[in-house]
Amino acid sequence: MHKAYPFGLLVLLFTLLLPCGVLADSSVVEENRHAIKHLEPANWWVGMNYHQVELMVHGDNISATQPQINYPGVQILSVVKTDNPNYLFVTIDIAAHTKPGKFPIEFQHDGKTQSRFEYELLAREKNSAQRHGFSAKDAIYLITPDRFANGDTKNDAVAGLTEQPDRTFKGGRHGGDIAGIAQHLDYIANMGFTQIWPNPLTENNQPQYSYHGYAATNLYLTDARYGTNEEFKRFVAKAKQKGMGVIQDIVLNHIGSKHWWMNDMPAKDWLNFPAEFIATNHRRTTVQDPYADPQDKELFVSGWFVKSMPDLNQRNPQLANYLIQNSLWWIEYAGLSGIREDTYGYADEQFLSRWAKAIMDEYPNFNIVGEEWSTNPAVVAHWQRGKENKSGHISYMPSVMDFPIHETLRQVLLEDESWDKGFVRLYEMLANDFVYADPFNLVVFPENHDTSRIYSVLNEDLDLFKMAMVYTATMRGIPQFYYGSEVLLTSPKERDDGAVRADMPGGWKGDTKNAFTGSGLTAKEKESQQFIKTLLNWRKNADVIHRGKLRHYAPENGVYVYVRYLDDKAVMVLLNKNKQAVTHPLLAYREFLDGKKKAVDVLNKREVDITKPLSLAAKSSLIIELQ
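If you're wondering where the values come from, they're calculated on a predicted model, not measured in any experiment.

## A closer look at the overall build of the protein chain
Thinking step 1. For the protein chain, the helix and strand inventory stands at 17 helices and 26 strands.
Thinking step 2. Radius of gyration (C-alpha) of the protein chain: 28 Å, near the 25 Å computed for a compact globule of 627 residues.
Thinking step 3. Along the first, second and third principal axes, the C-alpha atoms of the protein chain reach 110 × 55 × 50 Å.
Thinking step 4. Here the protein chain holds 627 residues, and 58% of them are scored as buried.
Thinking step 5. Counting contacts in the protein chain only where the partners sit at least 6 residues apart, residues at least 24 apart contribute 71% of the total.

## Re the packing of aromatic side chains
Thinking step 1. Here the structure, examined in full by the defined rule, presents 40 aromatic pairs.
Thinking step 2. Seen from their ring centres, phenylalanine 300 and tyrosine 346 are 4.6 Å apart, and the 45 degrees between their planes marks the pair as tilted. Taken together, the residues span a long stretch of sequence, with phenylalanine 300 in helix H6 (residues 294-302) and tyrosine 346 in the loop between strand E14 (338-342) and helix H8 (349-362) at a distance of 46 residues.
Thinking step 3. Here the basic side chain of lysine 233 rests over the ring of tyrosine 333, its NZ or CZ set 4.9 Å away from the ring centre.
Thinking step 4. Sitting over the ring of tyrosine 396, lysine 357 keeps its end group 5.8 Å from the ring centre.

## Examining the side chain of arginine 340
Thinking step 1. Mapping arginine 340 onto the fold places it in strand E14.
Thinking step 2. Arginine 340 sits in the buried class, given a relative accessible area of 1%.
Thinking step 3. There is a polar contact of 3.3 Å between the side chain of arginine 340 and the side chain of glutamate 371.
Thinking step 4. Arginine 340 has contacts with Trp197, Tyr214, Ile247, Gln248, Asp249, Ile250, Val369, Glu371 and His449, leaving out every residue within four places of it along the chain.

## A closer look at the sheet that holds strand E5 (residues 74-81)
Thinking step 1. Taken together, the 4 strands give an open sheet; going across it, the order is E1-E3-E6-E5, and neighbouring strands pair in antiparallel fashion. The outermost strands of the open sheet, each flanked by one partner alone, are strand E1 (36-40) and E5. Along the sheet, successive strands turn relative to each other by an average axial angle of 25 degrees, direction set aside.
Thinking step 2. Note: E1 against strand E3 (residues 52-59), 4 bridges, orientation antiparallel. Within E3, the residue paired with leucine 39 across the bridge is valine 57.
Thinking step 3. Each of E1, E3, E5 and strand E6 (87-94) touches helix H7 (residues 317-334); the most contacted strand, E3, lies at about 110 degrees to it.

## Examining the environment of valine 74
Thinking step 1. With respect to the secondary-structure elements, valine 74 resides in strand E5.
Thinking step 2. Sequence separation between valine 74 and phenylalanine 103 is 29 residues, and the spatial gap between their C-alpha atoms is 9.9 Å.
Thinking step 3. Sequence-distant contacts of valine 74, that is, excluding residues within four places in its chain, are made with Ile69, Ile92, Asp93, Thr98, Phe103 and Leu121.

## Some remarks on the layout of surface pockets
Thinking step 1. Within this model, the largest pocket holds a volume of roughly 610 Å³.
Thinking step 2. Around the largest pocket, the lining is made up of 30 residues, and of these His212, Met309, Arg495, Asp497 and Arg501 lie nearest the centre.
Thinking step 3. Residue composition of the lining of the largest pocket, grouped by class: 10 nonpolar, 10 polar and 10 charged.
Thinking step 4. In this structure, the second largest pocket is lined by 27 residues; those nearest its centre are Arg131, His132, Lys240, Gly335 and Ser337.
Thinking step 5. Elements that contribute at least two residues to the lining of the second largest pocket include exactly helix H5 (229-241), strand E13 (245-251) and H7.
Thinking step 6. Partitioning the lining of the second largest pocket into residue classes produces 7 nonpolar, 10 polar and 10 charged.

## Comments concerning the pattern of salt bridges
Thinking step 1. By the definition in use, this model includes 36 salt bridges.
Thinking step 2. Here arginine 476 makes a salt bridge to aspartate 402, at a shortest N to O gap of 2.8 Å. Remark: aspartate 402 occurs in the loop between strand E16 (399-400) and helix H10 (403-412) and arginine 476 occurs in the loop between helix H13 (462-474) and strand E18 (478-482); sequence separation between them is 74 residues. Of the two residues examined, arginine 476 and aspartate 402, each falls in the buried class.
Thinking step 3. The partner of arginine 501 in a salt bridge is aspartate 497, with the nearest N and O atoms 3.5 Å apart.
Thinking step 4. Judged by relative accessible area, arginine 501 falls into the buried class, the value being 4%.
Thinking step 5. Residue class for aspartate 497 comes out partly exposed when judged on its relative accessible area of 24%.

## Structural notes on the pairing of E5
Thinking step 1. For E5 and E6, the ladder comprises 7 bridges, and the chain directions are antiparallel. Looking at E6, one finds that valine 79 is bridged to valine 90.
Thinking step 2. Once E5 ends, the chain turns through 5 residues before running back antiparallel as E6.

## Thoughts on the sheet that holds strand E26 (residues 620-626)
Thinking step 1. The antiparallel open sheet is built from 6 strands, whose spatial order is E19-E20-E21-E26-E23-E24. At either margin of the open sheet sits one strand with a lone partner, and together these are strand E19 (549-556) and strand E24 (606-609). Strand-to-strand twist of the sheet, defined as the mean angle between neighbouring strand axes without regard to direction, takes the value 25 degrees.
Thinking step 2. Where strand E23 (residues 598-601) and E24 come together, 4 bridges link them in antiparallel fashion. Bridged to lysine 598 within E24 is aspartate 609.

## A word on H6
The periodicity of an α-helix, 3.6 residues per turn, causes residues three or four places apart in sequence to face the same way.
Thinking step 1. Along H6, the positions that sit buried rather than exposed are Phe300, Val301 and Ser302.
Thinking step 2. Capping of H6 at its N-terminal end is provided by aspartate 293; its side-chain oxygen lies 2.9 Å from the backbone amide nitrogen of glutamine 295.

## Brief notes about empty space enclosed by the protein
Thinking step 1. Tallied over the entire structure, the rule returns 2 cavities of 30 Å³ or more.
Thinking step 2. Of the pockets and cavities examined, the largest cavity occupies roughly 120 Å³.
Thinking step 3. Lining the largest cavity are 14 residues, and of these Thr202, Leu219, Ile250, Val251 and Asn326 sit closest to its centre.
Thinking step 4. Only E13 and H7 provide two or more residues apiece to the lining of the largest cavity.
Thinking step 5. In terms of residue class, the lining of the largest cavity is made up of 8 nonpolar, 5 polar and 1 charged.
Thinking step 6. Looking at the second largest cavity, its volume works out to about 60 Å³.
Thinking step 7. In terms of lining, the second largest cavity is formed by Pro198, Asn199, Leu201, Thr202, Thr222, Phe232, Ile247, Gln248, Asp249 and Trp330.

What counts, and at which threshold
- Residues numbered from 1 in each chain as written.
- Predicted model: local features only at pLDDT ≥ 70, side-chain atom pairs only at ≥ 80, totals over all residues.
- Heavy atoms only, no water.
- Helix = DSSP H or I, 4+ residues; strand = E, 2+ residues; numbered from the N terminus.
- Rg over C-alpha atoms; globule rule 2.2 N^0.38 Å.
- Buried < 20%, exposed > 50% of the residue type's maximum accessible area, 1.4 Å probe, protein only.
- Contact = heavy atoms within 4.5 Å.
- Phe/Tyr/Trp six-rings, centres within 6.5 Å; stacked < 30°, edge-to-face > 60°.
- Lys NZ or Arg CZ within 6 Å of the ring centre and 35° of its normal.
- Polar contact = N/O pair within 3.5 Å; in protein donor to acceptor, adjacent residues only side chain to side chain.
- Pairing = 2+ DSSP bridges.
- Axes fitted to C-alpha atoms, helices over the stretch in contact; angles between N-to-C directions.
- 1 Å grid on protein atoms, 1.4 Å probe; cavity = no way out; pocket = protein on both sides within 12 Å on 5 of 7 lines; lining within 4 Å.
- Points joined across faces, edges and corners; volume = space filled by probe spheres on them.
- Nonpolar A, V, L, I, M, F, W, Y, C, P; charged D, E, K, R; others polar.
- Salt bridge = Lys/Arg side-chain N within 4 Å of Asp/Glu carboxyl O.

This is the structure:
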């Protein structure tokens with residue numbers, strides 16, 4: 001039985017029970033009507049070239065309010081409403097003289113403040129705009145974070161994130177995290193790597209297959225199973241202290257189907273094909289094809305990859321601004337040295353041009369590499385900065401992934417040698433460099449997270465594997481390697497993502513094999529690890545490889561030779577694919593050999609007599625510094 005109280009006493013009790021600082025008047029009710037759920041980006045920096053920032057404000061019927069700012073140097077330039085009343089897009093201008101600090105953004109209706117958000121302007125780190133991005137002096141170590149090392153078991157499962165850990169399922173989450181990578185920075189640095197590229201670390205709150213990171217559900221938040229934003233920032237700083245930069249993997253083309261936008265879309269045209277799933281046709285050539293049907297090109301750009309990855313419409317100006325600012329925010333916030341942009345050509349061309357230009361205008365010495373998965377050099381070259389395209393497209397992206405060389409290298413190492421097969425195909429593919437604006441800024445790689453493991457492709461032939469590593473490390477461009485290659489991780493020869501992205505041995509407590517300590521490794525695995533360590537640590541100080549020109553010679557009798565040279569320095573690389581030892585004459589290279597009597601085998605630390613033909617062991621790779 002409930003006791004009845006006089007109405008006046010109820011009012012008094014309610015007033016006494018209110019939290020401190022909350023007034024029992026109509027403004028409280030009004031504020032709840034327009035409560036802000038998201039405001040992004042939640043901070044910016046003074047002194048940025050990009051000083052006009054469009055804030056996405058999300059809240060119940062927030063478009064019925066008028067934003068107000070009263071802070072010296074900051075003014076509201078425009079307010080844009082969409083067809084969804086729960087969004088406002090507020091562009092603010094931050095004057096050059098503005099001081100760092102916090103200030104409220106008030107959202108008013110009928111002269112009363114309904115909601116308030118405390119915004120922060122931060123001071124930039126010294127020389128932030130002059131930071132240097134990754135370049136040919138670097139060797140990149142690509143890591144799938146969920147599969148590298150579990151440094152913090154407490155974040156394996158996190159409340160509010162749906163997929164639970166299951167290390168027995170190759171497509172599940174295994175528990176690797178930022179802490180795990182951070183704990184092994186010394187190992188990575190000692191191996192000779194100077195850049196780390198983790199697959200996306202942003203939140204992927206998908207119900208399944210969320211470990212790979214390419215279906216983001218919050219573009220401003222690190223997935224809590226990897227760590228926090230602050231933990232990522234500390235990791236980048238720690239890597240920098242050890243001489244390594246960090247490249248962030250960013251996706252502009254699509255999001256995850258459980259992104260918070262999907263519950264309350266910012267605008268009806270925020271997605272391509274919003275009413276139903278229509279798949280992309282993957283026809284990359286349509287972007288430049290003078291005969292392509294416009295519908296084929298539109299389907300390539302606007303179609304979705306899969307149902308779980310809604311395709312973003314970057315032709316929406318507010319979405320375009322949002323994505324540009326998000327990339328700039330992460331660079332400045334975390335202190336990045338580069339961006340790898342996923343599925344580059346699938347996004348709108350004009351947007352891609354504007355996106356890359358904004359980044360390079362802000363950071364002139366930065367680097368971005370785009371993924372254009374085509375084996376046709378003409379298709380890949382279209383996207384690199386400096387390329388004069390007949391279509392009129394202007395690209396500002398400095399680098400692209402060299403898929404043509406990648407695919408050719410994997411094939412020719414298995415082919416028998418003939419006049420039109422084997423090394424000659426690699427030689428002729430490299431000859432296509434004339435289509436690139438800057439071939440020396442391409443990223444070369446034998447494998448990545450989307451391809452079968454190179455050791456498996458080469459039938460677990462260690463000699464051919466070493467040849468692929470030597471070619472990658474000494475060829476023009478920026479070499480990228482995949483975690484675990486150094487200890488010969490394997491996979492099916494056909495693409496099998498979960499198997500390719502296998503756990504790094506020793507990354508989990510109780511592992512019987514440990515790549516980081518060497519415990520349990522086979523003799524072959526130890527040999528491979530030491531080989532790559534020697535190769536990359538030599539490369540780290542080889543200026544002739546970083547900045548040198550390239551001369552290659554038509555392959556003969558299963559031997560492919562090229563020279564990297566700079567001023568009076570030269571490095572000769574000889575690859576012998578024959579199953580037997582051969583004696584290779586040196587007369588063709590007299591331009592580089594004249595006046596020199598000795599050379600050093602950099603991998604075996606021995607002198608080489610170059611006054612007579614060289615004896616090349618079967619299936620061998622020789623790198624000699626001419627002296």
